[in-house]
Amino acid sequence: MSAEEVESEIHFMKTYGIMKWDELIMLNDNRKSLNKKIALGLATKEELLKQIKVELNMLDTCQLKIDQKIKENDTEYINTEILTILSNRINDMYNSMFLLFPVEKTSLSEYIEFCSNNTLFITKCSNMLNTLMLRYHSDPEVYIIAATYEFDDRNDVESARQYFTQGLKYHKNCKSLYIEDFWVEVQHLEKTAGASLPIAMEKYKSLIKRFEGDIEFHFILLDRAIKFNAVRELQCNIVRDMFRKYRHSELMWQKLAKINFDGFIYHRETEQLYNDKNYISGIRNCIKTYEDGLKENLPLKNKHKLWDFYIDHIIEIRKSYRMKKEIIRNFMNETMERAFEEAHDNKALHKSEHYIYWAKNTNIDSPRILKKGVEVIEDSVELWITLLLYYLSYDSLEMCIEAFQAGVRTLASKSMPLWRILIFYMGNTHPKLLQQLYHEGSHFPFPDINFVIRPEYLEWSVVHNGILSTRELFIELRDIQPECKQLYTTMISFELTQNSGITKLKTIRKLYNDVCNTFGQTDIGVWSDCIRFEYTYGSRQLVKEIYKVSLLCLEPDLRNGMTKEFEKLKEEFKEDDPQDGGVIVIDYDE
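Residues numbered from 1 in each chain as written. Predicted model: local features only at pLDDT ≥ 70, side-chain atom pairs only at ≥ 80, totals over all residues. Heavy atoms only, no water.

### Some words on unusual backbone geometry
Part 1: Between glutamine 481 and proline 482 the backbone carries a cis peptide bond, its omega angle lying at -5°.
Part 2: Within the fold, proline 482 resides in the loop between α24 (466–478) and α25 (485–496).
Part 3: One non-glycine residue, alanine 412, lies in the positive phi region at around 55°.
Part 4: For alanine 412, the location among the structural elements is in the loop between α20 (397–411) and α21 (416–429).
Part 5: Classification of alanine 412 as buried rests on a relative accessible area of 16%. (Helix = DSSP H or I, 4+ residues; strand = E, 2+ residues; numbered from the N terminus. Buried < 20%, exposed > 50% of the residue type's maximum accessible area, 1.4 Å probe, protein only.)

### Let's talk about the side chain of aspartate 514
Part 1: For aspartate 514, the position within the fold is in helix α26 (residues 502–519).
Part 2: Residue aspartate 514 is classed as buried on the basis of its relative accessible area, which comes to 15%.
Part 3: Those residues in contact with aspartate 514 that lie beyond four places of it in its chain are Arg478 and Tyr488. (Contact = heavy atoms within 4.5 Å.)

### Some remarks on the environment of phenylalanine 444
Part 1: Within the fold, phenylalanine 444 resides in the loop between α22 (431–442) and α23 (447–464).
Part 2: Phenylalanine 444 sits in the buried class, given a relative accessible area of 14%.
Part 3: Sequence separation between phenylalanine 444 and aspartate 92 is 352 residues, and the spatial gap between their C-alpha atoms is 81 Å.
Part 4: Those residues in contact with phenylalanine 444, other than ones at most four positions away along the chain, are Val408, Ala412, Ser415, Trp419, Ile449 and Asn450.

### With respect to the packing of helix α9 (residues 175–191) against helix α10 (residues 197–210)
Helix packing geometry: the angle between the two helix axes and the distance between the axes.
Part 1: Two elements in contact, α9 and α10, have axes separated by 9 Å at closest approach and are oriented at 155°. The pairing of α9 with α10 is recorded here as roughly antiparallel in orientation. Note on packing geometry: the crossing formed by α9 with α10 is left-handed. Residues Tyr178, Asp181, Phe182, Glu185 and Leu189 of α9 form the contact with α10, whose participating residues are Leu197, Ile199, Ala200, Lys203, Tyr204, Leu207 and Arg210.
Part 2: Classifying every residue of the contact of α9 with α10 gives 8 nonpolar, no polar and 4 charged. (Axes fitted to C-alpha atoms, helices over the stretch in contact; angles between N-to-C directions. Parallel < 35°, antiparallel > 145°, perpendicular 65-115°, else oblique. Left-handed = near helix turned anticlockwise from the far one by under 90°. Nonpolar A, V, L, I, M, F, W, Y, C, P; charged D, E, K, R; others polar.)

### Details of the pairing of strand β1 (residues 264–267)
Part 1: When β1 meets strand β2 (residues 272–275), the two strands line up antiparallel, connected through 4 bridges. Residue pairing for β2: phenylalanine 264 is matched across the bridge by asparagine 275.
Part 2: If you look at the hairpin formed by β1 and β2, you'll find 4 residues sitting between the two strands, and glutamate 271 has a positive phi there, around 55°. (Pairing = 2+ DSSP bridges.)

### Let's talk about the packing of aromatic side chains
Part 1: On inspection of all chains with the given rule, the structure shows 31 aromatic pairs.
Part 2: Here the aromatic rings of phenylalanine 444 and phenylalanine 446 are separated by 5.4 Å at their centres, their planes lie at 50°, and the arrangement is tilted.
Part 3: For phenylalanine 446, a relative accessible area of 29% corresponds to the partly exposed category.
Part 4: Among the aromatic residues, those joined into a ring-pair cluster are Tyr94, Phe98, Tyr111 and Phe114.
Part 5: Its guanidinium or amino end placed over the ring of phenylalanine 151, lysine 191 lies 4.1 Å from that ring's centre, counting from NZ or CZ. (Phe/Tyr/Trp six-rings, centres within 6.5 Å; stacked < 30°, edge-to-face > 60°. Lys NZ or Arg CZ within 6 Å of the ring centre and 35° of its normal.)

### A look at the packing of α20 against α21
Part 1: Between α20 and α21, the least distance of the axes is 10 Å, while the angle of their chain directions is 155°. Relative to α21, the element α20 is oriented roughly antiparallel. Regarding α20 and α21, the two cross each other, and that crossing is left-handed. Every residue of α21 that contacts α20 at Leu397, Cys400, Ile401, Phe404, Gly407, Val408 and Leu411 is listed here: Leu418, Trp419, Leu422, Tyr425 and Met426.
Part 2: Among the residues making up the contact of α20 with α21, the classes are represented as 11 nonpolar, 1 polar and no charged.

### Some remarks on α25
Part 1: Between its first and last C-alpha atoms α25 spans 17 Å; for 12 residues at 1.5 Å apiece the expected length is 16 Å, and the two agree.
Part 2: If you check which residues of α25 are buried, you get Leu487, Tyr488, Thr490, Met491, Ile492, Phe494 and Glu495. (Expected span 1.5 Å × (residues − 1).)

Right, here's the structure in full:
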């Protein structure tokens, strides 16, 4: 800065209390130090960014102070030279950073924003970009940011084109550069009311030739082009080429149906594109496009995908606000029934959610549809659940049991939700049949099912039949293979509620003995529970012996864990090591 600028800055800071004198001295010292480093080529990018942030904060503070003073007294003259001084310094620091270090998109965006907020620097910004864009930048986004700024903020399409050209010279295969370059031409075409069509068409033709066969890229160009009204000829060419090139792709038919739905109606006979704002026409043309596509000679796999797209779009339309009119509701109801039926007949309806949606929205026969669904997708738990719940909602017990039995046969180990539903229903409506259902579930030859149902059956029994019958039932359920640990723990919890003195202890010890013998090789928890029981209800003299037996039974890698668990139990029950009491003997009930 010149001496006058330094003096002017100091005067402003002191007059309006922006900074204390020692803070200002430190700030200027930091500036001088950084300037020396820049001159010697020793400054780091981090140091420059840090100082730029300091200067930007200073600029904001001074601007706020000026605005405040003007608001307080609009007749008082305020010298705003400080804003120019600070802005010049910030601009110079950005320039130094861009010349010394590779340009990154974040810092370039921040510089452009700074210039856009300071009209005095708009021209300087463009001059800087002209210099920077002649260089190679590893990130193509840098060229996009610069070109977009020139077009959007400066309305300078030539500079934007120049920057894209430079970027593509270094990044020949970067799709985003091509797309944004094309997007600028589409916007310019709209601004010029179609006058720049030859340039836009030339770029478009070059792009589809370069990326020939890339249908997704073609879709992106189309999405950009259909945003405006004055580019109809360009839009028509893009859609016409899309139809010709990708007629045998299900993705093309889906895209064509979607733009029809949005009011861009493509007539294949005339190869012309029309804009129809009537959403009813859009819906009808959308449906017709899907149906025409399904008549094409597509490979079976691709045709099935198109069926999926079609069905999903039908559901989307039926859920939208467009269904308010009765004429559309009737049309879409008829379309849904026809489309779902045809998709099923063509073995193309293979999603459970599609059958469920159809069944819930049909005016015909819901169970017939759900039965079709479970025939096609046998392992769909959701479909079987929906079918079962449908019958239950009408209290159709016979049909419900028939569906349940078919479902559990088919789903096998995945059928637990069906058991849950029927158990709940039987408990509320047919309690006499519930015991039979529990019996069948307990013997169902899949542990995923019977491991859950056996303990529940025991709980039901103790409530409805008492402890004596439940003990007999336990023996029956215990013998079902594989053995179920929770069955034992459930029975132990029931026995603990009994008031039978010493008999209770003998019975529970027998249960713990069995569970430890059965599961004690791999389960520390059963030994811990057994020891806890003796601490709480039984004999503390037996605790050490049970612990010794656990170390003999457990697999070697679990023994340290058992030792730690035993120490926790001793601490919990405030027990010193009990003396050895000989071999544990468990008395069985007579």
